[in-house]
Structure formats: structure tokens, C-alpha cells
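Chain by chain, the residues run as shown.
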Amino acid sequence: MLSRRTLMGALGLSIALASAPAAYAQDEIYIPLVSKGFQHQFWQAVKAGADQAAEEFGVRITFEGPDNETMVDRQIDMLAAALANKPSAIGFAALDSQAAIPLLRQAADAGIPVIAFDSGVDSDIPVATATTDNVAAAALAADKMAEFLGGSGKVAVVAHDQTSRTGIDRRDGFLNRIASEYPNIEVVSVQYGAGDQLTSTEVAKAILTANPDLGGLFGTNEGSAIGIVNAVREMGSEGVTIIGYDSGKAQTDAIRDGLMAGAITQNPVGIGYETVKAAVAAMNGETLPEIIDTGFYYYDQSNIDDAEIQAVLYD
Amino acid sequence: MTTTTPEAPRSALSRIVAAGTHQRVLAFASLIVLLIGFSIASPNFMQTSNMIAILQATSVNGVLAIAVTLVIITGGIDLSVGTMMTFCAVITGVVLTYAGMPLPLGVMAAVLTGAACGACSGTFVAKMAIPPFIATLGMMLILKGLSLVISGTRPIYFNDTPGFSEISRGSLIGEIIPAVPIPNGVLILFIVAAVTAYILNRTVLGRYCFALGSNEESVRLSGVNTDRWKIAIYALAGSIVGIAGLLIASRLNSAQPALGLGYELEAIAAVVIGGTSLSGGRGSILGSLIGALIMAVLTNGLRVLSVAQEWQTVVTGAIIILAVYADMMRRKKVK
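Numbers given for residues are sequential positions, taken from 1 along each chain in its written order. Each chain takes a letter, starting from A, and each ligand takes a number, starting from 1, following the order in which they are written. Given that the model is predicted, a residue must reach a pLDDT of at least 70 before its local features are reported, and side-chain atom pairs must reach 80 or more before they are shown or counted; all residues, however, enter totals for whole chains, interfaces and linings.

**Considering the overall build of chain A**
Elements are defined by DSSP. Helices are runs of H or I of four residues or more, strands are runs of E of two residues or more, and each kind is numbered from the N terminus. What chain A contains, in helices and strands, is eleven helices and twelve strands. Based on C-alpha atoms, the radius of gyration is set beside the globule rule, defined as 2.2 Å times the residue count to the power 0.38. For 315 residues, the compact-globule estimate of 2.2 N^0.38 gives 20 Å, and the C-alpha radius of gyration of chain A, at 22 Å, lies within 12% of that figure. The dimensions of chain A, computed from C-alpha atoms along their principal axes, are 70 × 55 × 35 Å. Here, residue contact means that the backbone-derived C-beta atoms of the two residues sit within 7 Å. In chain A, 73% of the contacts between residues at least 6 apart in sequence involve partners at least 24 apart.

**Here's the deal with helix H7 (residues 197-210) of chain A**
All names here are of chain A. In this model, H7 (14 residues) spans 20 Å end to end at C-alpha, consistent with the 20 Å of a helix rising 1.5 Å per residue. With C-beta atoms placed from the backbone, a residue is buried if 20 or more other C-beta atoms are within 10 Å of its own, exposed if 12 or fewer are, and partly exposed between those counts. Among the residues making up H7, those that are buried are Ser200, Thr201, Val203, Ala204 and Ile207. Projected onto a plane normal to the axis of H7, the buried residues spread over an arc of 170° and lie on a single side. Every exposed residue of H7 that faces more than 90 degrees away from the buried side is listed here: Thr209 and Ala210. Turning to H7, the residues buried within the fold contact strand S6 (153-159), strand S7 (185-192), strand S8 (216-219) and helix H8 (222-235). Each residue after the first adds 1.5 Å to the expected span of a helix. The arc in question is the one spanned by the directions pointing from the helix axis to the C-beta atoms.

**Let's talk about the sheet that holds strand S9 (residues 241-245) of chain A**
Residues and elements named next belong to chain A. Whether two strands pair depends on DSSP finding at least two bridges between them. Spatially, the six strands line up as an open sheet ordered S7-S6-S8-S9-S10-S12, and their pairing is mixed. The sheet is open, and its two edges are formed by S7 and strand S12 (296-300), each paired on a single side. Adjacent strand axes in the sheet meet at a mean angle of 15°, parallel and antiparallel pairs treated alike. Here three bridges tie S8 to S9, and the two strands are oriented parallel to one another. Among the inter-strand pairings, Phe218 is bridged to a residue of S9, identified as Ile243. Each axis is a line fitted through C-alpha atoms, taken for helices only over the stretch in contact, and angles between the N-to-C directions span 0 to 180 degrees. Most of the contacts of helix H6 (residues 165-181) go to S6, to which it runs at about 170°, and overall it touches S6, S7, S8 and S9.

**Some thoughts on the domain arrangement of chain A**
Residues and elements named next belong to chain A. When the domains of chain A are assigned, the result is domain 1 (27-132 + 268-295) and domain 2 (134-266). The split into domains, and so the bounds of each, comes from an automatic or database assignment of domains. In this structure, domain 1 and domain 2 have C-alpha centres spaced 30 Å apart. The interface is formed by seven residues belonging to domain 1 together with nine residues belonging to domain 2. Gly falls in the polar group here, along with every residue not listed as nonpolar (Ala, Val, Leu, Ile, Met, Phe, Trp, Tyr, Cys, Pro) or charged (Asp, Glu, Lys, Arg). Residues of the side of domain 1 that touches domain 2, tallied by class, amount to three nonpolar, four polar and no charged.

**Considerations on the nonpolar core**
When buried Ala, Val, Leu, Ile, Met, Phe, Trp, Tyr and Cys residues are joined through C-beta atoms within 7 Å, the set is termed a nonpolar core. Core analysis: the biggest nonpolar cluster contains 163 residues, and Ile115(A), Val63(B) and Leu64(B) have the highest contact counts within it. If you tally residues by element for this core, the top one is helix H10 (residues 226-252) of chain B, at 16 residues. Discounting chain neighbours no more than four positions away, the residues touching Val63(B) are Leu189(B), Val192(B), Ile240(B), Ile243(B), Ala244(B) and Leu247(B). With 42 residues, the next largest nonpolar core counts Ala141(A), Val203(A), Val232(A) and Ala261(A) among its residues.

This is the structure:
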């Protein structure tokens with residue numbers, strides 16, 4: 001029995017000690033990034049950008065995010081653990097702004113600058129927000145869609161959600177541009193697939209079934225766009241112009257194959273890079289712009305292999 | 001080393017108690033070892049604010065684990081606790097924010113909604129003889145869907161009920177002893193644990209809980225209405241889940257309708273680490289509480305040490321397997 005207890009103990013201790021080398025000298029500059037996600041390729045690209053900046057500016061970063069974008073309380077726990085390490089600055093992409101306010105205030109009170117990234121935080125605590133101008137980016141998608149349709153036809157949107165800032169901005173950016181610039185294009189449906197490939201596939205199939213004369217579909221993130229591609233492939237629909245968002249292997253393949261007309265890409269690497277850069281600047285007392293636009297591009301078969309585009313695409 | 005006493009065969013009850021005690025000691029010892037280990041590894045781990053963060057992180061999972069413990073002791077399983085918690089939070093949101101009713105009604109709504117949901121699961125299991133795994137899997141999806149429908153998939157905020165966030169975030173203890181501002185959520189966790197442990201060990205309901213898990217048929221043959229007791233236990237577990245719903249909603253100052261999936265597995269993991277047997281008839285609330293603390297300490301500690309997130313997950317999984325293995329080896333020896 002004693003051996004069992006010792007076994008557990010030994011394990012616990014060895015974990016703690018094995019990870020000890022990861023512990024750090026106190027004078028090191030430490031900037032934790034608490035993200036909205038971790039496993040998605042998009043977030044891994046953000047992390048790559050952050051790592052790049054960390055090396056360049058000689059700071060240590062960590063990058064964490066909950067398993068999925070519903071786990072608001074898990075993200076708060078991550079923020080709490082990050083604060084325990086007395087960081088020099090914090091990067092934070094809020095799943096729900098309100099829920100995080102007490103901890104963000106705690107950070108602000110302790111003089112730790114907070115940089116928001118990806119989607120903003122509805123609060124005046126963050127000193128800057130590194131993000132894509134999603135409204136402008138989705139408007140560009142609308143322009144491209146209109147170009148393909150020759151200015152008239154029926155389109156539909158598969159969005160990832162109706163609550164997050166990015167979901168709302170991309171949907172409205174697209175819809176508003178169509179409404180204001182292209183009176184002959186009719187938006188027949190806006191549906192939500194939670195950014196999940198399978199759910200989005202079903203959503204897109206339902207739209208295609210209901211509208212056999214559909215001219216175009218816009219997917220507002222990677223999962224939505226891949227869902228549309230799956231739906232068109234499974235139903236064998238023809239003449240539907242698909243415009244996606246973000247990248248990822250499945251989406252870039254669909255563009256190379258000609259199944260997808262093109263997609264908007266954010267600059268996830270830039271988001272990560274600018275966040276860490278801004279954190280270092282804030283730490284040194286420099287003033288920062290409220291919004292740091294990290295940029296976006298439209299890519300299709302013609303420019304997918306350009307160095308500029310390849311640098312911001314992720315697989 | 002001498003847990004097998006050769007003299008006089010002990011009663012079933014005392015064996016249960018002894019077995020439970022041992023596993024709790026084992027779990028408690030691992031908790032202490034983890035705390036010491038992390039403290040040595042990082043100077044930032046053992047500070048008041050971080051300990052409070054760990055307790056805060058334990059509160060919701062701890063309460064869920066307590067609820068699941070009851071069901072698991074009867075030989076069942078409850079996969080619906082995560083989304084049921086969300087459903088209770090959403091109903092509270094409807095009562096407080098949409099209908100503008102006073103705070104106590106919102107609190108009651110959460111607990112009663114939980115009890116009603118639990119009674120439903122219990123009825124499916126007892127009266128309709130649907131295996132608990134399937135019945136609660138169904139409930140899990142039903143409640144997830146209903147949460148989304150009722151809330152219109154948008155979070156419901158509690159800004160109009162100023163006292164609401166105090167349920168979890170406020171600190172009564174901190175007002176008395178300012179140096180240790182332990183949040184009310186943690187206080188509630190311990191109260192729930194104490195009350196549930198009392199019910200389990202000192203009341204008829206608790207006795208039937210163990211009896212159903214040990215040998216349901218013999219309980220039935222001795223003339224007890226097992227269906228009724230089973231439904232009562234599921235309802236009690238449900239009302240505890242309602243409290244978890246209050247805690248998470250208060251902590252986030254909002255009912256997040258999409259949240260909830262995955263929380264049931266973490267609760268079950270805490271229960272198992274705490275030494276409650278998945279085959280029923282054996283378990284303890286204290287064990288589950290310690291189990292939940294171990295999970296929170298582990299997660300927080302690995303984060304404070306900046307262990308890569310991929311590895312955090314691997315370690316947590318390994319700990320679960322190891323904990324159950326240690327428990328099984330111990331039981332084999334007892335036999």
C-alpha cells in the first residue's frame with residue numbers, strides 16, 4: 001500500500017521537477033498570451049507569429065487557449081494562472097469580455113499592460129487591440145462575389161456564430177456591402193454552423209436544397225468555408241461561386257482545385273507578432289494606437305503561391 | 001500495510017467505510033505532494049492569490065463532481081451534468097434578466113430546474129429501464145438544445161441584478177479576514193460538500209444510495225420501492241447541478257448557452273480520482289472534492305510552470321489512469 005502512495009507521490013514530484021527547467025529566472029521578461037483557442041491551425045499561426053516576435057525582442061512568452069470557444073470559465077482560469085506568474089504584460093483574446101473584467105482590472109491595478117488580440121475586449125483596460133478589420137475584409141469578399149456573379153444573382157452566407165465580434169463583423173461587413181453597392185444581388189439566407197465543418201456542411205446543404213438557383217456562398221471562417229465546399233461536393237452542385245475566409249489545407253486545396261473561387265485571409269502570424277511587439281512597447285511606457293490593424297488579403301488560384309500570400313497562409 | 005485483518009469478518013458497511021477512507025488518504029497524499037512539488041518548482045505557485053484562483057477554479061467542477069458522485073454510487077452515470085448546469089443558468093437568466101424577478105427567485109429557479117431535470121433522468125432510468133448512460137446522454141443533448149433555443153443562442157447577462165455576481169465572486173470570508181478573500185463560490189462548494197456528505201452517510205436516502213449500487217435486486221426483494229428512491233437521488237443530484245449553474249453564471253456574470261459539453265467528463269474524472277467506484281456501491285463526497293482539487297491544482301500548477309498545453313493534457317490523462325490503477329491494485333490486495 002505504501003508503495004502505491006509513494007508511486008503517486010513520486011509521479012507528482014517528478015512532473016513538478018521535470019518541468020522545473022521550464023521555470024525561469026526572475027529578471028526575465030515574461031508575456032503570457034491567453035487566446036480563444038489552441039488546437040486550430042489559425043491559433044497555431046498566431047502562436048508562430050508571437051514566437052517570432054518573442055525571439056526578436058528577447059522575451060519569453062507562453063500561449064494558451066481553451067479546447068473550444070464556449071469554455072469561457074476555463075479561459076478565466078488560464079488568465080488567473082498567467083497573472084500568478086507576475087508577467088510584464090499580457091496578451092488576451094476574450095471569449096466573453098464581461099466575464100474577464102475582474103481579472104483584467106486586477107492586472108491593470110498591478111500595472112500590467114493588457115494587449116487585446118484577434119477580437120477586442122469591450123473595456124478601456126486594454127492599451128491596444130491587434131486585430132483584423134473584419135468589416136472591411138468581408139466587404140472585399142462581397143466585392144469579389146459581385147464580380148463573379150456579374151452584379152446580379154442570389155447569394156447566401158454560412159457564418160460561424162452570431163455572438164462573437166468576428167462573427168458579427170464578417171456577416172455584417174458582407175451583407176452591408178451587398179445591400180449598399182449591389183442592388184441586383186439578393187441575399188436569400190444567412191445561417192450559422194458554429195464554425196464546425198460538419199455542422200456547416202449540413203447548413204450549406206440545406207441552403208443549396210432550398211435554393212437550386214443559388215449563385216454564390218460566403219463562409220465566414222475556416223470551418224464554415226470547408227463546410228460549404230463539402231456540401232457542394234456531396235451534392236454535386238454546379239455554378240455556385242464559393243468565397244471563404246482564413247486558410248488551412250482543405251481550403252487552399254479547394255482553391256487550387258478550382259472548387260472555391262477564392263478566400264479572404266487574415267494575417268494570423270501578424271496578429272501574434274503585433275501583439276507581442278505591442279506588449280513590449282507598452283511595457284516600456286510607449287503610447288500605442290487603440291487599434292493595430294494587422295491586415296488582410298484576398299487570394300485565389302492566381303496569387304496563392306505568391307510569397308506575400310504564402311507567408312500568411314497556414315496549413 | 002495490514003488492512004486485511006484475519007479475525008472476525010467485518011460488516012459490509014465497515015468495509016465500505018474503511019475502503020473509502022484509504023482511497024481518500026491516498027488521494028489526499030497525492031494532493032499534498034502535488035502542492036509541495038509545484039511550490040518547489042515555482043516560487044509563484046504558493047501565493048495567496050494563486051491558491052484562491054485554484055479554489056475558484058475548483059468550485060464549479062467540485063460541485064458537479066459531488067452531484068455525479070451520488071449517481072455513480074447508485075451504479076449509474078450522469079453525462080448530462082455539464083449541459084444541465086448551463087440549462088439551469090439559462091433559466092436563471094430568464095427569471096432574473098428577462099422577467100426581472102428578484103434574486104432569491106432566480107436562485108430557487110436554478111435549484112428547482114436542476115431537480116426537475118434530475119427527476120426526468122431518474123424516471124427514464126428507473127421507470128423506463130433505459131441504461132443511465134443512454135438516458136443521460138439523451139438528456140445532455142436535450143438540455144444543450146433547449147439552452148440554445150431559450151436563450152436565442154446569445155449569452156444572457158445579469159447586469160440588471162447587481163447582487164448576482166456576488167454569489168460566486170464576492171467574499172464573505174474576505175470581509176471578516178481581509179487577508180484571505182476566499183470567494184463565496186468556494187464557500188458554497190464546501191457547504192454543498194458538507195450537506196451532501198451528511199445526506200449520504202446519515203440519512204435513509206444515503207443508505208439506499210449505497211444499497212442500490214451494491215445490490216439493487218436484493219433491495220427490491222426486501223420490499224423497498226427502488227424506483228422512487230432512484231428518482232429521488234437523481235433529483236437531488238440535479239438540484240446540486242443547479243447550484244453549479246448558479247456558480248458558473250455568477251462567476252461569468254452571464255449564462256453562456258453554448259458552454260457545458262466536456263464538463264461532465266471532468267467531473268467524472270474528479271470522482272474517479274477521489275476513489276468512487278464506477279461499478280457503484282462505494283464512494284465518498286470528500287474523495288470527489290479532493291479529486292476535483294487535484295485536477296485544479298494540476299492544471300494550474302502546470303500552467304504556472306509554463307508547461308506546453310499539449311503536455312498538460314497528456315499529464316492529466318496519465319494521472320487519471322494512475323489513480324484508478326492504484327485504487328484497483330489496493331482492492332485486489334484487500335480481497
